[in-house]
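What follows is the residue order along each chain.
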Amino acid sequence: MALYDAKIEKFSKKAEQLERNIRRDTEKRRRLLSEITRLRYLSLCEKLNCDGEELETVLAREHEQIQNMKACGLTDDEIDDLGKAANTKNK
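Residues numbered from 1 in each chain as written. Predicted model: local features only at pLDDT ≥ 70, side-chain atom pairs only at ≥ 80, totals over all residues. Heavy atoms only, no water.

S.K.: It is not clear to me how the overall build of the chain should be interpreted in this structure. Could you clarify?
M.R.: Helix and strand content of the chain: 3 helices and 0 strands. Moving toward the C terminus, one meets the helices and strands of the chain in the order α-α-α. Across its three principal axes, the chain shows a C-alpha extent of roughly 85 × 30 × 25 Å. Taking all 91 residues of the chain together, 5% fall into the buried category. As displayed, the chain has an accessible area near 8400 Å², and 55% of this comes from carbon and sulfur atoms. One way to put it: in the chain the 19 positive side-chain charges average out to a point 11 Å from where the 19 negative ones average out. (Helix = DSSP H or I, 4+ residues; strand = E, 2+ residues; numbered from the N terminus. Buried < 20%, exposed > 50% of the residue type's maximum accessible area, 1.4 Å probe, protein only. Areas by Shrake-Rupley, 256 points an atom, 1.4 Å probe, with all protein chains shown as cover. Lys, Arg positive; Asp, Glu negative; His and termini not counted. Charge placed at Lys NZ, Arg CZ, Asp CG, Glu CD.)

S.K.: Got a minute to help me understand the pattern of salt bridges in this structure?
M.R.: A side chain of one charge can pair with a side chain of the opposite charge if their charged atoms are brought near each other. Overall, the coordinates contain 7 salt bridges when judged by the stated rule. Here Glu-9 makes a salt bridge to Lys-13, at a shortest N to O gap of 3.4 Å. Here the residue Glu-9 and the residue Lys-13 both occupy positions in helix H1 (residues 2-48), the gap between them amounting to 4 residues, near one helical turn. The exposure class assigned to Glu-9 is partly exposed, which follows from its relative accessible area of 47%. Judged by relative accessible area, Lys-13 falls into the exposed class, the value being 51%. The closest approach of N and O atoms between Glu-27 and Arg-30, which form a salt bridge, is 2.5 Å. Of the two residues, Glu-27 and Arg-30 both sit in helix H1, 3 residues apart, roughly one turn of that helix. Here the salt bridges share partners, and the residues they tie into one network are Glu-27, Arg-30 and Arg-31. (Salt bridge = Lys/Arg side-chain N within 4 Å of Asp/Glu carboxyl O.)

S.K.: What is the right way to look at H1 in this model?
M.R.: An α-helical turn contains 3.6 residues, so any two residues separated by three or four positions project in the same direction. The first and last C-alpha atoms of H1 sit 68 Å apart over 47 residues, in line with the 69 Å expected at 1.5 Å per residue. Note on H1: the residue one or two positions beyond its end, Asn-49, has a positive phi of about 55°. (Expected span 1.5 Å × (residues − 1).)

S.K.: In this structure, what is going on with the confidence of the model for the chain? I would like to understand it.
M.R.: Looking at the chain as a whole, the pLDDT averages 92, with 95% of positions reaching at least 70. Per-element mean pLDDT across the chain ranges from 82 in helix H3 (residues 76-90) up to 96 in H1. (pLDDT = per-residue confidence, 0-100.)

Below is the structure:
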């Protein structure tokens, strides 16, 4: 009986430690994911040369333009081709 009690106690302590590790690691993961989100935002701001509200305005305007093109019957591939043609023209 004492053998089982000792093993139960040992395993219970290990399980408690694992639970603490899970909570700690979950919090670390949450902070890392939050930092990734922040860095993606900053990267997008840099790429589009804007910040904050301006980024929201740029994205909303571009989304609206794409939706208007789709409403006119253009496909995603055709819209991509238009963008590529404009880039080629400007170079």
